Amino acid sequence: MRRASSLLRRAKGGLLALGLMFPAVASALDATQVDSFLQRLRQQSGAPGVSAAVMVKGELVYSGGAGIGDLEAGTPLNGLSVHNIGSISKTQAVVAVMQLVEQGKVNLDAEIQAYVPWFPRKQAPITLRQILTHTSGIRHYRSGEFGEGEVLRYQQFDDIEQASKRWMNDELLFTPGQHWLYSSYATNLLQALVERVSGERFEAYLRRHVWEPAGMLDTQFDVPDRIVQRRSRGYVLDSGGGRLVNAPQENVSYKYAGGGVISTNEDMLRFGHALNSGLLLKPATMREMLRAQLSPDIDYPPASIEEEKQVDPLKTLSKPPVQALIWRLGTDPWGGRYIEHSGSVKGTYSELVDYQDDDIIVSLHVNAWAVKPDLKQAAEALARLAKLGLPIEAAKK
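Residues numbered from 1 in each chain as written. Predicted model: local features only at pLDDT ≥ 70, side-chain atom pairs only at ≥ 80, totals over all residues. Heavy atoms only, no water.

Enquirer: I would appreciate a short explanation of the packing of helix α3 (residues 89-102) against helix α10 (residues 283-290) in the present structure.
Expert: Axes are the key here: two packed helices are described by the angle between their axes and the distance separating the axes. Running from N to C, α3 and α10 point in directions that differ by 130°, and their axes come no closer than 10 Å. On the basis of the axis angle, α3 is oblique to α10. For α3 against α10, the interelement crossing comes out right-handed. Contacts from Val94, Val95, Met98 and Glu102 in α3 reach Thr285, Glu288 and Met289 in α10. (Axes fitted to C-alpha atoms, helices over the stretch in contact; angles between N-to-C directions. Helix = DSSP H or I, 4+ residues; strand = E, 2+ residues; numbered from the N terminus. Parallel < 35°, antiparallel > 145°, perpendicular 65-115°, else oblique. Left-handed = near helix turned anticlockwise from the far one by under 90°. Contact = heavy atoms within 4.5 Å.)

Enquirer: What am I meant to see in the packing of helix α2 (residues 31-45) against helix α12 (residues 375-388) here?
Expert: For the pair α2 and α12, interaxial distance at closest approach is 12 Å and the crossing angle is 170°. Considered as vectors, α2 and α12 are oriented roughly antiparallel to each other. Residues Gln33, Val34, Phe37 and Leu41 of α2 touch α12, and the partners they reach there are Leu375, Ala378, Ala381, Leu382 and Leu385. Of the residues assigned to the contact of α2 with α12, the class counts are eight nonpolar, one polar and no charged. (Nonpolar A, V, L, I, M, F, W, Y, C, P; charged D, E, K, R; others polar.)

Enquirer: Quick question: what am I supposed to make of the environment of Lys165 here?
Expert: Along the chain, Lys165 falls in the loop between α5 (160-163) and α6 (184-198). Classification of Lys165 by relative accessible area gives partly exposed; the value is 41%. Residues Lys165 and Phe119, 46 residues apart in the sequence, show an inter-C-alpha distance of 9.4 Å. (Buried < 20%, exposed > 50% of the residue type's maximum accessible area, 1.4 Å probe, protein only.)

Enquirer: How do you make sense of the sheet that holds strand β9 (residues 322-323) when you look at a structure like this?
Expert: Sheet strands pair via backbone hydrogen bonds, and the direction of the pair is either parallel or antiparallel. Overall, antiparallel pairing links the eight strands, which are arranged β3-β2-β1-β13-β12-β11-β10-β9 in an open sheet. What marks the edges here is a single partner per strand, and that holds for β3 (75-76) and β9. As defined by bridge partners, β9 adjoins strand β10 (residues 328-331) across two bridges and the pair is classed as antiparallel. Counted as the bridge partner of Gln323 is Arg328 from β10. Running at roughly 35° to strand β2 (residues 59-70), α2 makes contact with β1 (49-56), β2 and β13 (360-366) of the sheet. (Pairing = 2+ DSSP bridges.)

Enquirer: I would appreciate a short explanation of the nonpolar core in the present structure.
Expert: What tends to happen in soluble globular proteins is that the nonpolar side chains get buried as a cluster. Residues Leu193, Met289 and Trp327 are the most contacted members of the largest nonpolar core, which totals 70 residues. Those residues in contact with Met289 that sit more than four places away from it in its chain are Val94, Val95, Met98, Leu275, Leu281, Ala324, Leu325 and Trp327. One finds Ala47, Leu364, Ala378 and Leu382 within the second-largest nonpolar core, a separate group that totals 31 residues. (Core = buried A, V, L, I, M, F, W, Y, C linked by side-chain atoms within 4.5 Å.)

Enquirer: Is there a simple way to think about the side chain of Asn367 in this case?
Expert: Considering the arrangement of structural elements, one finds Asn367 in the loop between β13 and β14 (368-369). A polar atom in the side chain of Asn367 sits 2.8 Å from the backbone nitrogen of Gly49. In terms of polar contacts, Asn367 uses its side chain to reach the backbone carbonyl oxygen of Arg233, at 3.5 Å. Discounting residues that sit within four places of it in the chain, Asn367 has contacts with Ala47, Pro48, Gly49, Ile68, Gly69, Leu77, Arg233, Gly234, Tyr235, Gly347 and Thr348. (Polar contact = N/O pair within 3.5 Å; in protein donor to acceptor, adjacent residues only side chain to side chain.)

Enquirer: Could you clarify how one ought to interpret the environment of Ile131 in this entry?
Expert: Mapped onto the elements, Ile131 comes out in helix α4 (residues 128-132). Since its relative accessible area comes to 0%, Ile131 is described here as buried. Setting aside residues no more than four positions away along its own chain, Ile131 makes contact with Ile112, Ile126, Ser136, Ala186, Thr187, Leu189 and Leu190.

As structure tokens, then:
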């Protein structure tokens, strides 16, 4: 009890230092307008619920939602609902790595085996920077690899090396640095790196060095046997595509760094503001993490391009995102620049957008895989409203 009280005092101290206790503020957004916007987004997505939270210069200007977070319990979905954040987990993992870089313990251009010696060497060297920019050549998920009925998705792993045995001996898809291809498997290695270099278990490291300093009291790993207050659920369409059913409760212990964190929209704002305030990383480290890392000419590997052509021969081929270290760099239709990452897991979609120049942060969550919503565009619209007070209707692309 004494330890818990000490941790709570320390976390509250961090919150107060950042102005993150979220008092009511005069500059709050028009909740009626935002509620209506989220309700339309919910209807378009076919989800039971949509939630959002918006922060401007450390002040919570909106936190709410539309619809239901847990259909069985009938609880609403809002900015305090605890949900899976999917691949947004990667942004917390890269902050942990960059803290170790800042301390001189990790070199971004060293081979990954310098920090993860059990990972097999491949036909060409792989650097940590290539893993953080999705240019390592390590594959992503493969159809059928989780067995009949996807049974292997429910396996519990207490060790990231054991969790990686399914894929780590596969050959690279391309020479590292030659192409861009998203890989959660590659980023899962960040857990092993942090644990070996810091001497701490990955969740303990994140709690001590990222979550608690930022005041993220509702953020933790998605561990099946934990009872989590205010937990929302994810849903998918049934085999006939006509009705929503519970999403399979996948065990994400094989990918904590790549997609295994649960949090709230409000905690995501705290994370963004802690970054913007220099609480987690020094300015020089932030600049390195958030600069464009790749040539504008980099492309997908030929096999991926061919697959895209087969799906829609008339479609203009897409290009990889503007890639920083894990984070992606974006520009909205009005010229506003931001960093962002999305997540999708267990029947949910999430989005985190951070306009660092204006210190405006938007977090969104949708709790069903039905009609995939454009959450990045929705976040751009909410940020535009927060910055200029323009009606959301006028902020559409």
